[in-house]
Amino acid sequence: DIQMTQSPSSLSASVGDRVTITCRASQTISIYLNWYQQKPGKAPNLLIFAASTLQSGVPSRFSASGSGTDFTLTISTLQPEDFATYYCQQSYSTPHTFGQGTKLEIK
Amino acid sequence: QLQLQESGPGLVKPSETLSLTCTVSGDSISSSSYSWGWIRQPPGKGLEWIGIIYYSGTTSYNPSLKSRVTISVDTSKNQFSLKVTSVTAADTAVYYCARDLSGGTYFNWGQGTLVTVSS
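Rules used throughout
- In every chain, residue numbers begin from 1 and rise along the written sequence.
- Labels follow written order: the first chain is A, the first ligand is 1, and so on.
- This being a predicted model, a pLDDT of at least 70 is required before a residue's local features are given, and a value of 80 or more before pairs of side-chain atoms are given or counted; all residues contribute to the totals for chains, interfaces and linings.
- The basis for every side-chain value is the complete set of non-hydrogen atoms in the structure, without hydrogens or water.
- Only DSSP runs of H or I reaching four residues or more are called helices, and only runs of E reaching two or more are called strands; each is numbered from the N terminus.
- With the radius of gyration taken over C-alpha atoms, the globule rule is written as 2.2 Å times the number of residues to the power 0.38.
- Per-residue accessibility, obtained with a 1.4 Å probe over protein chains only, is compared with the maximum for each type, and a residue is labelled buried under 20%, exposed over 50%, and partly exposed between these values.
- What counts as a disulfide here is a pair of cysteine sulfur atoms lying within 2.5 Å.
- Each pair of strands is called paired provided DSSP finds at least two bridges between the two strands.
- The axes used here are C-alpha line fits, helices contributing only the stretch in contact, and every angle between their N-to-C directions lies in the interval 0 to 180 degrees.
- A contact between two residues is defined here by any heavy atoms of the two lying within 4.5 Å.
- Put simply, buried area is the surface a 1.4 Å probe can reach on two separate parts but cannot reach once they are joined, added for both.
- Criterion for a salt bridge: a side-chain nitrogen of Lys or Arg within 4 Å of a carboxyl oxygen of Asp or Glu.
- In the scheme used here, Gly and all other residues not listed as nonpolar or charged are polar, with Ala, Val, Leu, Ile, Met, Phe, Trp, Tyr, Cys and Pro taken as nonpolar and Asp, Glu, Lys and Arg as charged.
- Lining residues are defined by having an atom within 4 Å of a point belonging to a cavity or pocket. Those points lie on a 1 Å grid over the protein atoms alone, cavities being sets where a 1.4 Å probe fits but cannot get out and pockets being open sets with protein on both sides within 12 Å along at least five of seven lines.
- Grid points are joined across faces, edges and corners, and a volume is the space filled by probe spheres set on the points.

### What about the overall build of chain B?
And then number 1: Looking only at helices and strands, chain B features zero helices and 11 strands.
And then number 2: The helix and strand sequence of chain B, counted from the amino end, reads β-β-β-β-β-β-β-β-β-β-β.
And then number 3: Computed over its C-alpha atoms, the radius of gyration of chain B comes to 13 Å, within 12% of the 14 Å expected for a compact globule of 119 residues.
And then number 4: Considered along the principal axes of its C-alpha atoms, chain B spans approximately 40 × 25 × 25 Å.
And then number 5: Evaluated residue by residue, chain B yields a buried proportion of 49% over its 119 residues.

### What to know about the state of the cysteines
Residues and elements named next belong to chain A.
And then number 1: Applying the stated criterion across every chain, the model contains two disulfides over all chains.
And then number 2: Disulfide pairing places Cys23 opposite Cys88 at an S-S distance of 2.1 Å. Since a negative S-S torsion denotes a left-handed disulfide, the Cys23-Cys88 link at about 70° is right-handed. Of this pair, Cys23 sits in strand E3 (residues 19-25) while Cys88 sits in strand E9 (residues 85-90); the two residues are 65 residues apart in sequence, bridging distant segments of the chain.

### A word on the sheet that holds strand E8 (residues 79-84) of chain B
Residues and elements named next belong to chain B.
And then number 1: Ordered in space as E1-E3-E8-E7, the four strands form an open sheet in which the pairing is antiparallel. Edge strands, defined here as strands with exactly one partner in the open sheet, are strand E1 (3-7) and strand E7 (69-74). Sheet twist, expressed as the mean angle between neighbouring strand axes with direction ignored, is 20°.
And then number 2: When E1 meets strand E3 (residues 18-25), the two strands line up antiparallel, connected through five bridges. When the sheet's bridge partners are listed, Gln5 is paired in E3 with Thr23.

### As for the interface of chain B and chain A
And then number 1: The interface of chain B with chain A comprises 19 residues on the first partner and 17 residues on the second.
And then number 2: Sorting the residues of chain B by area buried against chain A places Leu47, Trp49 and Phe107 of chain B first, and these three jointly supply 35% of that buried surface.
And then number 3: Across the contact surface, chain B and chain A share zero salt bridges.
And then number 4: When contributions to the side of chain B that touches chain A are tallied by element, the ones reaching two or more residues are strand E4 (35-41), strand E5 (48-53) and strand E10 (106-109) of chain B.
And then number 5: The element best represented in the side of chain B that touches chain A is E10 of chain B, accounting for three residues.
And then number 6: A class-by-class count of the residues in the side of chain B that touches chain A yields 10 nonpolar, eight polar and one charged.

### Here we look at the side chain of Ser81 of chain B
And then number 1: Here Ser81 of chain B shows up in strand E8.
And then number 2: Excluding residues that lie within four positions of it along the chain, Ser81 of chain B makes contacts with Leu20, Thr21, Trp38, Thr70, Ile71 and Ser72 of chain B.

### Concerning the environment of Leu78 of chain A
All names here are of chain A.
And then number 1: With respect to the secondary-structure elements, Leu78 resides in the loop between strand E8 (70-75) and E9.
And then number 2: Sequence spacing of Leu78 and Ser14 is 64 residues, and the spatial spacing of their C-alpha atoms is 7.1 Å.
And then number 3: With residues near it in sequence (within four places) discarded, Leu78 still touches Ala13, Ser14, Val15, Gly16, Asp17, Val19, Phe83 and Leu104.

### So, the layout of surface pockets
And then number 1: If you add up the space inside the largest pocket, you get close to 490 Å³.
And then number 2: What lines the largest pocket is a set of 26 residues, and nearest its centre among them are Gln38, Pro40, Thr85 and Tyr87 of chain A together with Gln41 of chain B.
And then number 3: Where the lining of the largest pocket is concerned, the elements lending two or more residues are E9 and strand E10 (102-106) of chain A together with strand E9 (93-100) of chain B.
And then number 4: For the lining of the largest pocket, the element with the highest residue contribution is E10 of chain A, accounting for four residues.
And then number 5: Looking at the lining of the largest pocket residue by residue, the class counts come to 10 nonpolar, 11 polar and five charged.

### Points about the pairing of E8 of chain A
All names here are of chain A.
And then number 1: In the sheet, E3 pairs with E8 via six bridges, with the strands oriented antiparallel. Residue pairing across strands places Thr20 opposite Thr74, the latter belonging to E8.
And then number 2: Taken together, the six bridges between strand E7 (residues 62-67) and E8 define a ladder with antiparallel strand orientation. Across the sheet, Ala64 pairs through a bridge with Leu73, a residue of E8.

So this is what it looks like as structure tokens:
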């Protein structure tokens, strides 16, 4: 199985900040990497697919990059609705493993 | 607009079989070339991929669950289902069904259903 490791596991930030979350795969996955946002009590919501493609309807303050084993998700200017947990997920091979999540909290 | 809705018992006894159904509305399972998956989330923990059924009918399961999991499609009801046998407390989780539009990318999710394993 491909292991996905996110860092940090939690992050405190303020509205207006720029934040970056990283995700590392245990082996190369090309650009088969997706990012999801999950709010408490809700299903995950796809933000980014194929490492850097913004899903329709997702604000442009979200961006992502990477290939191979190292990936990043950046939120350029944090908004109140962005405080949530973020997961990376590889779609290179089954099982389609997820990172452990990064909880973004208000400072 | 596509909607997915999980349904099934919220309480299952240890050693019994967990059975869930995902009803798809807004699209036909049989007419599309998409795949359909199940993901779960134990309370307070992260997401765990359970398995997928491809449009071809082929399935793939998480090796950690493989011997206990079956995913199937009922095109007549526009549903797909999940069965997990010999459940234990470790199978307590919110179970999500999802549509895979692109080789493992889950674009659409159900709201999730909590299944508790307890006697």
